[in-house]
Amino acid sequence: MVKSKMNTYPFLKGFCLLFGLVLLAACQSGTDKTSSTSTSSIQDRLDNKEIKYFSNGKRLYTQYCANCHMEDGEGLGKLIPPLNKADYLLKDVVGAAKIIAHGQQGEIMVNNIQYNQPMPGYSNLNANQIAELLTYISNAWDNAYGPVEVNDVKKALNK
Ligand code: HEC
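Residues numbered from 1 in each chain as written. Predicted model: local features only at pLDDT ≥ 70, side-chain atom pairs only at ≥ 80, totals over all residues.

Asks: Looking at this structure, I do not really get the overall build of the chain. What am I missing?
Replies: Along its length, the chain carries eight helices and two strands. Helices (α) and strands (β) of the chain occur, in sequence order from the N terminus, as α-α-α-α-α-α-β-β-α-α. Put simply, of all contacts in the chain between residues at least 6 apart along the chain, 62% involve residues at least 24 apart. (Helix = DSSP H or I, 4+ residues; strand = E, 2+ residues; numbered from the N terminus. Contact = placed C-beta atoms within 7 Å.)

Next up, the structure:
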């Protein structure tokens, strides 16, 4: 009696370990689908043409945006909102085309923090460059939005 009971322990231990692993895997694939940020690589999300957009966008970002929003997209305290994991940007990435083209002022909430400083517009940038910038900022750092189409940017700018 005692002996047969003892023998079930290694089996139970193995079963629990396996069950735990399956649960862990299920949880991880679950969070990947629901969150807007992930650690998946750029190649998983963007094709070659879009990766070109991303790298051109990075150049434009360094030139026009990084002095305020910072190289790491974290912004600057209560003055400049972040772009990395920014709910404001990620809820309407294409719509942000207008912010880049025309600037933005007045109170806005980004990740539950209120900002109210004017951002200049960049009327010198065309729809293509804006799509490149949006591809970069929505897929850089922890952001994992996916591709941004030039045609959608054009439509957003004409709204
Ligand atoms: C002079 C500093 C400055 C520069 C340069 C600048 N921004 Fe901004 N940006 C701001 C400020 C300040 C706000 C918040 C505006 C407000 O309070 O209404 C903002 C808001 C935003 C937002 C919406 C809020 C958010 O965080 O999601 C986006 C998107 C954005 N900027 C993108 C850009 C991009 C892309 C560039 C480069 C083309 C750029 N900004 C250049 C200062 C700047």
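Next comes the rest of the account.
Asks: How do you make sense of the environment of phenylalanine 54 when you look at a structure like this?
Replies: Position of phenylalanine 54 relative to the elements: it lies in helix 3 (residues 48-64). For the pair phenylalanine 54 and asparagine 139, spaced 85 residues apart in the sequence, the C-alpha separation amounts to 7.8 Å. Ignoring any residue separated from it by four or fewer positions in sequence, one finds phenylalanine 54 in contact with Ile42, Leu46, Thr135, Tyr136 and Asn139.

Asks: Just checking my understanding: could you explain the confidence of the model for the chain for this structure?
Replies: As a note on interpretation, predicted positions should not be read in detail where pLDDT is low. This prediction gives the chain a mean pLDDT of 86; 75% of its residues lie at or above 70. Low confidence marks residues 27-36, where pLDDT is under 50. Its contacts with residues over four positions away, or in another chain, come to four contacts. (pLDDT = per-residue confidence, 0-100.)

Asks: Before we go on, may I ask you to explain the nonpolar core in this structure?
Replies: Nonpolar side chains tend to gather and get buried jointly when the protein is soluble and globular. Core analysis: the largest hydrophobic core is formed by 20 residues, its most contacted members being Val94, Ala97, Ile130, Leu134, Ile137 and Val153. Examining the composition of this core, we find that six residues originate from one element, helix 7 (residues 127-137), more than from any other. Setting aside residues up to four positions removed in sequence, valine 94 forms contacts with Leu134, Val148, Asp152, Val153 and Ala156. (Core = buried A, V, L, I, M, F, W, Y, C linked by C-beta atoms within 7 Å. Buried ≥ 20, exposed ≤ 12 C-beta atoms within 10 Å, placed from the backbone.)

Asks: What am I meant to see in the site of the ligand here?
Replies: Neighbouring the ligand are 28 residues; Cys65, Cys68, Pro81, Leu89 and Met119 lie closest to it. Broken down by secondary-structure element, the contributors of at least two residues to the shell around the ligand are helix 4 (66-69), helix 5 (87-91), helix 6 (96-102), strand 1 (108-110) and helix 7. Of the residues assigned to the shell around the ligand, the class counts are 21 nonpolar, seven polar and no charged. (Near = placed C-beta within 6 Å. Nonpolar A, V, L, I, M, F, W, Y, C, P; charged D, E, K, R; others polar.)

Asks: Would you take a moment to explain the packing of helix 3 against helix 7 for this structure?
Replies: A pair of packed helices can be characterised by two numbers: the angle between their axes and the separation between those axes. Their axes nearest at 7 Å, the elements helix 3 and helix 7 cross at an angle of 95°. Looking at the two axes, helix 3 sits roughly perpendicular to helix 7. Each of Glu50, Tyr53, Phe54, Asn56, Gly57, Lys58, Leu60 and Tyr61 in helix 3 lies in contact with helix 7, whose residues at this interface are Gln129, Ala131, Glu132, Leu133, Thr135, Tyr136 and Ile137. In the contact of helix 3 with helix 7, the residues fall into eight nonpolar, four polar and three charged. (Axes fitted to C-alpha atoms, helices over the stretch in contact; angles between N-to-C directions. Parallel < 35°, antiparallel > 145°, perpendicular 65-115°, else oblique.)

Asks: Can you help me understand helix 7 in this one?
Replies: Helical periodicity: at 3.6 residues per turn, an α-helix aligns residues three or four positions apart in one direction. Among the 11 residues in helix 7, nine count as buried, and that is most of the element. The complete set of buried residues in helix 7 reads Gln129, Ile130, Ala131, Glu132, Leu133, Leu134, Thr135, Tyr136 and Ile137. Elements that come into contact with the buried residues of helix 7 comprise helix 3, helix 5, helix 6 and helix 8 (150-158).

Asks: For this particular structure, what's the right way to read the environment of alanine 66?
Replies: Here alanine 66 is to be found in helix 4. Apart from the residues within four sequence positions on either side, alanine 66 is in contact with Tyr61 and Glu71.

Asks: Explain helix 3 here, please?
Replies: With 17 residues, helix 3 extends 24 Å between its outermost C-alpha atoms, agreeing within 8% with the 24 Å of an ideal straight helix rising 1.5 Å per residue. All of the buried residues along helix 3 are Tyr53, Phe54 and Gly57. One side of helix 3 carries all its buried residues, which in axial view fall inside an arc of 100°. The exposed residues of helix 3 that point more than 90 degrees off its buried face are Asn48, Ser55, Thr62 and Gln63. Looking at the buried positions of helix 3, the neighbouring elements they touch are helix 2 (42-45) and helix 7. (Expected span 1.5 Å × (residues − 1). Arc of directions from axis to C-beta.)

Asks: Is there a simple way to think about unusual backbone geometry in this case?
Replies: Glycine aside, the phi torsion of most residues is negative, and most peptide linkages are trans. In this model, lysine 85 sits at a positive phi of 55°, which is unusual for a non-glycine residue. Inspection of the secondary structure puts lysine 85 in the loop between helix 4 and helix 5. When the 17 C-beta atoms within 10 Å are taken as the criterion, lysine 85 is described as partly exposed. Unusually for a residue other than glycine, asparagine 111 sits at a positive phi of about 50°. Residue placement: asparagine 111 occurs in the loop between strand 1 and strand 2 (113-115).

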